[in-house]
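# Inside the fold
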Amino acid sequence: MITDKIINNSSGFTTKLYLDKHISRRFNEELEQVRTLVMNMGALVEQQVNDGLSALLNADLDLAQKVIDRDNDVNNMELEIDEYCTKILARRQPAASDLRLIVSVIKSITDLERMGDEAVKFGKNAIKLAKGNLSENSCSENSFAETEGARPLIELKHLGNHVSKTLNRALTAYAQMDVQQALIIIKDDKIIDEEFDNNSRLLVTRMMENPREIKNALRVTWCARALERIGDHTTNLCEYIVYLVEGKDVRHGNMNRIKVTPPPLEISV
Amino acid sequence: MKNLDIKQVELTETVGNIYADSAKMSIRNADVYYGSKQAIHNVSLDLAKNQVTALIGPSGCGKSTFLRCLNRMNDTIDICNITGEFTLDNQDIYAKNLDPVLLRARVGMVFQKPNPFPKSIYDNVAYGARIHGLTNNKAELDEVVETSLQKAGLFNEVKDRLKDPGTGLSGGQQQRLCIARTIAVSPEIILMDEPASALDPIATAIIEELIDELKEKYTIAIVTHSMQQAARVSQHTAYFHLGKLVEMGKTEDIFTHPKHKLTENYITGRFG
């Protein structure tokens, strides 16, 4: 799980941004606390995405319901971190890297929360697909999840695995403030988009071949779409890493703004 | 990551951009010594015309010393030795034939503590105009006093008691009186050495608003200990550390992504 990595890597994060070097120790603790809260939220969202996918692929209704219910926790974490950041802004007037940390956190948690919402879609569609199959099984032999119909779900599994791994890498990069890794993930988003397109084509073909399955095929399409969106939010997270560490805005394809620069010079005067 | 390793390098030159497109005042390779102790090490920078340049840095970093060089206030200190080029509109301000008193009329100064003369409000503002003989008669002098007080945002508060002593005003009003006194001799540059550090937040806000208006007519250099104040009022920020100019650049850049670790440490309240 990502949480273990976060704990292992937390020292790297702290050293890189010198979060523990403020004259005010209380300020150190506050920034550290924000960081911990965000990483906890990231870990929860990652679990939601993985559990949602698992519920969808294994038609696990209990797990699907659990994912739906747990979204509330994700939402509450967003509120909590937002409030914490507002307090820091009001009381500390952070500047430079501290300011960038708070700004990037406020933006990151919005993306994390949206990823949580996408995970809920897996849960809801898992339930609908399972129920749809049950009712269709009684009147049709050619149900979506069976034999040849299982193909789109396999494709979805492939896309899901890829997105889940990317999210994991992004959260690790977030924990380590690893700009190089973040830039690689941003570039890799194309692969997810391509896989999503392939998946969509496959589903369209399937719908044309068997119009009775359009309902279920659409549900799978929505899930694929949700995965693609999670990929986009993951890219956003990586863009915030670049902003936080380098102070450069690489959103909307402004990758030319970044030539990874050495960290600020340390001098002995 | 490779670039995690922080290099230990000697600070040889300033990071960022010291040049202004239209420089009102240019300083090149300034060294200042108090006796054998060097207070300023090879500082070069431009003061951009009609803009506010903030000089920031920890106590004893030389920012006030540097500011005082800009209107030859350090001339009064015998052991102070200044080298380097200081030009105002391409004119050497340390030229032998240049009268420092006239220079100080062109480059005015406002200090940390309001220091009105123990005279009336009117006489405080009229003082400079009188000694420089800028006006021919009482009517002209009245005019100068009124416009100066208006520019300093003080006129409406004191117009009915111009004969009252300047020392009877509140701290914030006294500071604006000093600004009016500076403006009265029509300077080109106004130097401010922590002009709001002895004032409450409201008086500070009024002074800052005033600085913003004054920059339309004057070039301003301000020394301040308040990071937020530098961020609010200035267009350019110069960070001094142990007598060296570490970094200079646009204020928005300095406060969001400074290039130098020392600048970052200072403005974020880290110990370096």
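This text goes with the structure placed above it.
Residues numbered from 1 in each chain as written. Chains lettered and ligands numbered in written order. Predicted model: local features only at pLDDT ≥ 70, side-chain atom pairs only at ≥ 80, totals over all residues. Heavy atoms only, no water.

### Examining the overall build of chain A
The helix and strand tally for chain A stands at seven helices and one strand. For chain A, the N- to C-terminal ordering of α and β elements is α-α-α-α-α-α-α-β. Residues counted as buried form 53% of the 269 residues belonging to chain A. Taking as baseline every contact in chain A between residues at least 6 positions apart, the subset at least 24 positions apart corresponds to 79%. Taken as a whole, chain A presents about 12,500 Å² of accessible surface, with 52% of it coming from carbon and sulfur. (Helix = DSSP H or I, 4+ residues; strand = E, 2+ residues; numbered from the N terminus. Buried < 20%, exposed > 50% of the residue type's maximum accessible area, 1.4 Å probe, protein only. Contact = heavy atoms within 4.5 Å. Areas by Shrake-Rupley, 256 points an atom, 1.4 Å probe, with all protein chains shown as cover.)

### Some thoughts on the overall build of chain B
For chain B, the helix and strand inventory stands at ten helices and twelve strands. Against the globule reference of 19 Å for 272 residues, chain B gives a C-alpha radius of gyration of 19 Å, in line with a compact fold. The principal-axis extents of the C-alpha atoms in chain B amount to approximately 70 × 45 × 35 Å. Out of the 272 residues belonging to chain B, those deemed buried represent 53%. Nonlocal contacts in chain B, meaning residues at least 24 apart in sequence, comprise 68% of its contacts between residues at least 6 apart. Element-wise, carbon and sulfur atoms account for 49% of the exposed surface of chain B, whose accessible area totals about 12,400 Å². On chain B, the mean spot of the 30 positive side-chain charges and the mean spot of the 33 negative ones are 2 Å from each other. (Rg over C-alpha atoms; globule rule 2.2 N^0.38 Å. Lys, Arg positive; Asp, Glu negative; His and termini not counted. Charge placed at Lys NZ, Arg CZ, Asp CG, Glu CD.)

### Some points on the layout of surface pockets
Over the atoms, a rolled probe matching the size of one water molecule traces out where space is still vacant. The calculated volume of the second largest pocket comes to roughly 450 Å³. Residue lining of the second largest pocket: 19 residues in total, with R104, G108, M109, F117 and R181 of chain B positioned closest to the centre. (1 Å grid on protein atoms, 1.4 Å probe; cavity = no way out; pocket = protein on both sides within 12 Å on 5 of 7 lines; lining within 4 Å. Points joined across faces, edges and corners; volume = space filled by probe spheres on them.)

### With respect to helix α7 (residues 214-246) of chain A
Here α7 of chain A contains 33 residues, and its C-alpha end-to-end distance of 47 Å stays within 8% of the 48 Å for a straight helix at 1.5 Å per residue. A large share of α7 of chain A lies buried, amounting to 25 of its 33 residues. (Expected span 1.5 Å × (residues − 1).)

### Some remarks on the packing of helix α4 (residues 138-151) of chain B against helix α6 (residues 171-183) of chain B
Residue and element names in this part refer to chain B. Remark: α4 packs on α6, axes separated minimally by 8 Å, with the N-to-C direction vectors making an angle of 130°. In terms of their interaxial angle, α4 and α6 are classed as oblique. In this structure, the crossing between α4 and α6 has a hand that is right-handed. Contact residues: α4 offers S148, L149 and K151, while α6 offers L177, A180 and I183. (Axes fitted to C-alpha atoms, helices over the stretch in contact; angles between N-to-C directions. Parallel < 35°, antiparallel > 145°, perpendicular 65-115°, else oblique. Left-handed = near helix turned anticlockwise from the far one by under 90°.)

### Here we look at the sheet that holds strand β3 (residues 23-34) of chain B
Residue and element names in this part refer to chain B. An order of β4-β3-β6-β7 is seen for the four strands of this open sheet, with the pairing classed as antiparallel. Edge strands, defined here as strands with exactly one partner in the open sheet, are β4 (37-48) and β7 (91-92). The sheet contact formed by β3 and β4 spans eight bridges and is antiparallel. Opposite A30, over in β4, you have V43 as the bridge partner. (Pairing = 2+ DSSP bridges.)

### Some thoughts on the packing of aromatic side chains
All names here are of chain B. Throughout the structure, instances matching the rule amount to four aromatic pairs over all chains. Between F66 and F240, the ring centres sit 5.4 Å apart and the planes meet at 45°, which makes this aromatic pair tilted. Residue F66 is located in helix α1 (residues 63-69), and its partner F240 is located in strand β11 (residues 236-241); the two are separated by 174 residues in the primary sequence. For the pair F117 and Y127, a centre-to-centre distance of 4.7 Å together with 55° between the ring planes defines the contact as tilted. (Phe/Tyr/Trp six-rings, centres within 6.5 Å; stacked < 30°, edge-to-face > 60°.)

### Re the packing of helix α6 (residues 179-209) of chain A against α7 of chain A
All names here are of chain A. Here α6 crosses α7 at 170°, and the two axes come no closer than 9 Å. Accordingly, the angle class assigned to the pair α6 and α7 is roughly antiparallel. Among the residues forming the contact of α6 with α7, the class breakdown is 18 nonpolar, five polar and seven charged. (Nonpolar A, V, L, I, M, F, W, Y, C, P; charged D, E, K, R; others polar.)

### Considerations on the environment of K37 of chain B
All names here are of chain B. Relative to the helices and strands, K37 resides in strand β4. With relative accessibility at 56%, the residue K37 sits in the exposed group. When the C-alpha atoms of K37 and D200 are compared, they prove to be 36 Å apart, with 163 residues separating the residues in sequence.

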